[in-house]
Amino acid sequence: MNQTTTSAAPVTITETGLELVLPGGRAAYFNAYWLRDNCPTSFDSQTRERVFDIFHLEAAPRPRRAEVVEGALEITWDGENHTSRYPLDWLADYAEGKRRHDPSDLPRRAWYADHYPDIARFPQAELMADKAKVAEWLRALIVEGVALVTDMPDSDEGLTDLVKLMGHVRPTFFGEYFDVMTHIEPTNLAYTAKALELHTDTPAEDMAPGVQFLHCRANSVEGGANLFLDGVAVANDFRELYPEDFKLLAETEVPFYCEHDTYDVRSRQRVIELDAHGEVSGVTISQHMADVFDLPQDVLDRYYPAFCRFGRMLQSDKYLMRFRINAGECIVFDNHRIVHGREAYSATSGARYLRGTYADRGEMRSTYRALTSEGRFK
């Protein structure tokens, strides 16, 4: 070992890296590859991309000299005409191998059948004019999974403008937009006046779109109440009541499909989705797009009872929020979390038209981060 002593605590160079004492007296070890790879000069300040390629090093990086100078670790590298300088506070963030802080990694707030009066509401004009309001809107979507945008213009452009505040329109095999109204030759139950079972959208895609927008342009029919519930609330309760069933639905992939004349879309999904912390982040459920379960028959002996028990919980009055969406409103919700449906309505009693589209959860979180945190390169 090679020890360099300064007025601060000593830095000890080892075979694979170095050891030093961070502010507060905590001893820490850092790998030499990691240090060289993450020298501040490794990143372009304009493009914010890494410009140093560690693959080009001919030998393993090794500090020739290392010392703490004015709150920063300075390393002169052996075999290179290069010195790196790392603020100790920055090093402390990575000393324990924890994930980099993510401002969008917010705890989810589960909600139940009585949530409608408390849904976060934002006039579209305020969102278009105020980035701080956009951040509030995105936060509500991350935390609660649903929000209402009010005073929407009666135009196709109004919906597009709203999506662009979050990201980009995310096409599906239905196209970029879809029109929920009674179709003469429907390709989806949503395009009829029949009741629409509780579901999440397009589970047949490998990665279903993350955020759904439903802009109500007209709704004067009799019936057709909207049905919404928080899949996180149901799955959390399911986990407490039936832990073995929960484990089965969270670990077992089952097939979904959507087939018509010009497409045959298939995927395998887990009914309960967990995040990196092991917490419930959402659900995938759709009886009208569930394919023939092709699991071993003895596995189905356990899977079907668990699946049906969960499905019955989804229909409980404890969770089910019933309301009527009005013309000029756009309900925006997490398609991997919020389960929705519709009661039947009378197609001859008036007009009912909702225009829908999607965006990605990743873009939603990206925009939220950009609006609420200082970038690393500023």
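Named according to an unreviewed UniProt entry, the protein chain is Gamma-butyrobetaine,2-oxoglutarate dioxygenase originating from Novosphingobium fuchskuhlense. Check the Sequence similarities (unreviewed entry) section of the UniProt entry for the protein chain; it says "Belongs to the gamma-BBH/TMLD family." Looking at the Cofactor (unreviewed entry) heading of the UniProt record, one finds this comment for the protein chain: "Fe(2+)".

Mapped onto this structure's residue numbering, the UniProt feature "domain: Gamma-butyrobetaine hydroxylase-like N-terminal" (unreviewed entry) falls at residues 16-91. Along residues 16-91 the backbone is 13% helical and 37% strand, and the end-to-end C-alpha distance reaches 17 Å.

Attention shifts here to the domain arrangement of the protein chain. Here the protein chain is described as being made up of domain 1 (11-93) and domain 2 (116-372). Relative to domain 2, the C-alpha centre of domain 1 lies at a distance of 46 Å.

What follows concerns the packing of aromatic side chains. Two aromatic rings, taken as a pair, are described by how far apart their centres are and by the angle between their planes. For the structure on display, the rule yields 21 aromatic pairs. A centroid spacing of 4.5 Å and a plane angle of 40 degrees characterise the contact between Phe173 and Phe174, whose relative ring orientation is tilted. Ring geometry for Phe228 and Phe323: centres 5.4 Å apart, planes at 50 degrees, overall tilted. In this pair, Phe228 sits in strand 14 (residues 226-230) while Phe323 sits in strand 19 (residues 321-323), placing the two residues 95 residues apart along the sequence. Given a relative accessible area of 1%, Phe228 falls into the buried group. Phe323 gets classed as buried once you look at its relative accessible area, which sits at 6%. Through successive ring pairs, a cluster of aromatic residues spans Phe30, Trp34, Tyr86, Trp90 and Tyr94. Above the ring of Tyr116, the side-chain terminus of Arg121 is found at 4.8 Å from the ring centroid.

Applying the stated criterion to the full structure yields two cavities of 30 Å³ or more. Approximately 40 Å³ is the volume found for the second largest cavity. As for the second largest cavity, its lining consists of Arg108, Leu141, Ile142, Ser281, Asp334, Arg337, Arg361, Met364 and Arg365. At the level of secondary structure, the elements contributing two or more residues to the lining of the second largest cavity comprise helix 4 (131-144) and helix 9 (361-372). Per-element tally for the lining of the second largest cavity: the top contributor is helix 9, with three residues. Looking at the lining of the second largest cavity residue by residue, the class counts come to three nonpolar, one polar and five charged.

The next thing to look at is unusual backbone geometry. As a rule of thumb, non-glycine residues mostly have phi less than zero, and peptide bonds are mostly trans rather than cis. Phi is positive for Arg48, which is not a glycine, with a value near 65 degrees. Turning to its location among the elements, Arg48 is positioned in the loop between helix 1 (32-37) and strand 5 (63-69). Assessed through its relative accessible area of 42%, Arg48 is described here as partly exposed. The residue Thr202 is not glycine, and still its phi comes out positive at about 40 degrees. With respect to the helices and strands, Thr202 occurs in the loop between strand 11 (196-199) and strand 12 (211-219). Note on Thr202: relative accessible area 3%, which makes it buried.

Let us look at the layout of surface pockets. Counted as a void, the largest pocket has a volume near 510 Å³. In this structure, the largest pocket is lined by 17 residues; those nearest its centre are Arg100, Ser373, Glu374, Gly375 and Arg376. Every element with two or more residues in the lining of the largest pocket is listed here: helix 2 (88-94) and helix 9. Across the lining of the largest pocket, the residue classes tally to five nonpolar, four polar and eight charged. Both domains that furnish three or more residues to the lining of the largest pocket are identified here as domain 1 (11-93) and domain 2 (116-372).

The rules we used
Residues numbered from 1 in each chain as written. Predicted model: local features only at pLDDT ≥ 70, side-chain atom pairs only at ≥ 80, totals over all residues. Heavy atoms only, no water. UniProt positions renumbered as here; feature names shortened; annotations may be inferred. Helix = DSSP H or I, 4+ residues; strand = E, 2+ residues; numbered from the N terminus. Domains from an automatic or database assignment. Phe/Tyr/Trp six-rings, centres within 6.5 Å; stacked < 30°, edge-to-face > 60°. Buried < 20%, exposed > 50% of the residue type's maximum accessible area, 1.4 Å probe, protein only. Lys NZ or Arg CZ within 6 Å of the ring centre and 35° of its normal. 1 Å grid on protein atoms, 1.4 Å probe; cavity = no way out; pocket = protein on both sides within 12 Å on 5 of 7 lines; lining within 4 Å. Points joined across faces, edges and corners; volume = space filled by probe spheres on them. Nonpolar A, V, L, I, M, F, W, Y, C, P; charged D, E, K, R; others polar.

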